Amino acid sequence: MGIPKLGPVIAIDGPAGTGKSSATRHLADVLGFIHVDTGAIYRAVGYLSLERGIATSDRVDSVRAADLARSVHLEFRRIPQKNPANRIFADGRDLTDFIRTPEVSMASSRVSACAEVRAALLGLQRRLGCVGKTILEGRDIGTVVFPDADVKFFLTATVDERAKRRLVELEASGTDSPSFEDVKAQIVARDHGDSTRAVAPLKKAEDAVSIDTSTMTLDQVVKLMESIVRSRLGLS
Ligand code: DC
């Protein structure tokens, strides 16, 4: 049975650094859809797991991580005067500015491999996708969270290009920048973890449209996706 939805759902999956987040944000703006960044949900759980000693960057206590995922109240709040305006709160605490460090990236990848953590976060993602016209981005949106999404995309890019983009982001955020080789190694490690885990591994849904963004500008990616969505959904 399909998941009851109040509006069309667009699923955007793919590994980190493919331009998924920026493309999703812009696409949501041009189409007037709600943007749900499911990675921020896993990152919030990863951050709290580090803080509480439930995870390190290379180990996680899956029982405690699942307890945490089940008990924490996660929500997105829009705060227009902040950048980004779409903020993730855990039990009323705004974690948005702390969840993009390399350490949290690795911890979120570890916690996201726990089946019970994924099960605990599934309902929240579905509820967020059912409230109206939504675009959800993640790793398993088109395969697990909304297998009946109205339009599905799978973004890819070469590892070198993704490492280059990630380095630019880290430099812009003022974080102490690691070397290109370190960033690349981390991307390869995270890809490996995300795509070989037993539960909901990163993989393209059969009916997803693949877009290789390696040589495309953000604007080109957004325009391509917009034209596909408009034609599939019959929007003018
Ligand atoms: O998209 P991101 O890099 O912010 O995601 C952080 C981690 O969360 C990533 O390593 C994989 C995991 N994730 C997931 O397993 N499923 C999702 N739907 C979204 C993210």
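Caption draft 1: Fine view of the sheet that holds strand E1 (residues 9-13). Here we have five strands laid out as an open sheet, ordered E2-E8-E1-E9-E10, and parallel in their pairing. On the outer flanks of this sheet lie strand E2 (34-37) and strand E10 (209-212), each paired with one strand and no other. Strand-to-strand twist in this sheet, taken as the mean axis angle between neighbours without regard to direction, amounts to 20 degrees. Note that strand E9 (residues 151-156) and E10 share four bridges and pair parallel. Residue pairing in the sheet places Phe153 in a bridge with Val209 of E10. Helix H5 (residues 115-129) contacts E1, E2 and strand E8 (134-138) of the sheet and is inclined by roughly 150 degrees relative to E8. The strands touched by helix H9 (residues 218-233) within the sheet are E1, E9 and E10, with E9 carrying the most contacts at an inclination of about 160 degrees.

Caption draft 2: Focus on the packing of aromatic side chains. Considering all chains together, one arrives at one aromatic pair under this definition. With centroids separated by 6.0 Å and ring planes inclined at 25 degrees, the aromatic side chains of Tyr47 and Phe98 adopt a geometry described as stacked. Residue Tyr47 is found in helix H2 (residues 38-51), and its partner Phe98 is found in the loop between strand E7 (93-94) and helix H4 (102-112); the two are separated by 51 residues along the sequence. For Phe98, a relative accessible area of 41% corresponds to the partly exposed category. For Arg77, the ring lying beneath its charged end belongs to Phe89, and the centroid distance is 4.0 Å.

Caption draft 3: Region of the structure containing the site of the ligand. Lining the immediate surroundings of the ligand are 17 residues, of which Arg43, Arg118, Arg139, Arg190 and Arg197 lie closest. Thr38 places a polar side-chain atom, nitrogen or oxygen, 3.0 Å from a nitrogen atom of the ligand. One of the side-chain nitrogen or oxygen atoms of Asp194 is found 3.1 Å away from an oxygen atom of the ligand. Expressed as a share of its isolated accessible area of 450 Å², the protein-covered part of the ligand is 97%. Counting only elements with at least two residues in the shell around the ligand, the list comes to H2, H4, H5 and helix H8 (180-196). If one sorts the elements of the shell around the ligand by residue count, H2 sits on top with four residues.

Here is what the cut-offs are and how they apply
Residues numbered from 1 in each chain as written. Predicted model: local features only at pLDDT ≥ 70, side-chain atom pairs only at ≥ 80, totals over all residues. Heavy atoms only, no water. Pairing = 2+ DSSP bridges. Helix = DSSP H or I, 4+ residues; strand = E, 2+ residues; numbered from the N terminus. Axes fitted to C-alpha atoms, helices over the stretch in contact; angles between N-to-C directions. Contact = heavy atoms within 4.5 Å. Phe/Tyr/Trp six-rings, centres within 6.5 Å; stacked < 30°, edge-to-face > 60°. Buried < 20%, exposed > 50% of the residue type's maximum accessible area, 1.4 Å probe, protein only. Lys NZ or Arg CZ within 6 Å of the ring centre and 35° of its normal. Near = heavy atom within 4 Å. Polar contact = N/O pair within 3.5 Å; in protein donor to acceptor, adjacent residues only side chain to side chain. Areas by Shrake-Rupley, 256 points an atom, 1.4 Å probe, with all protein chains shown as cover.

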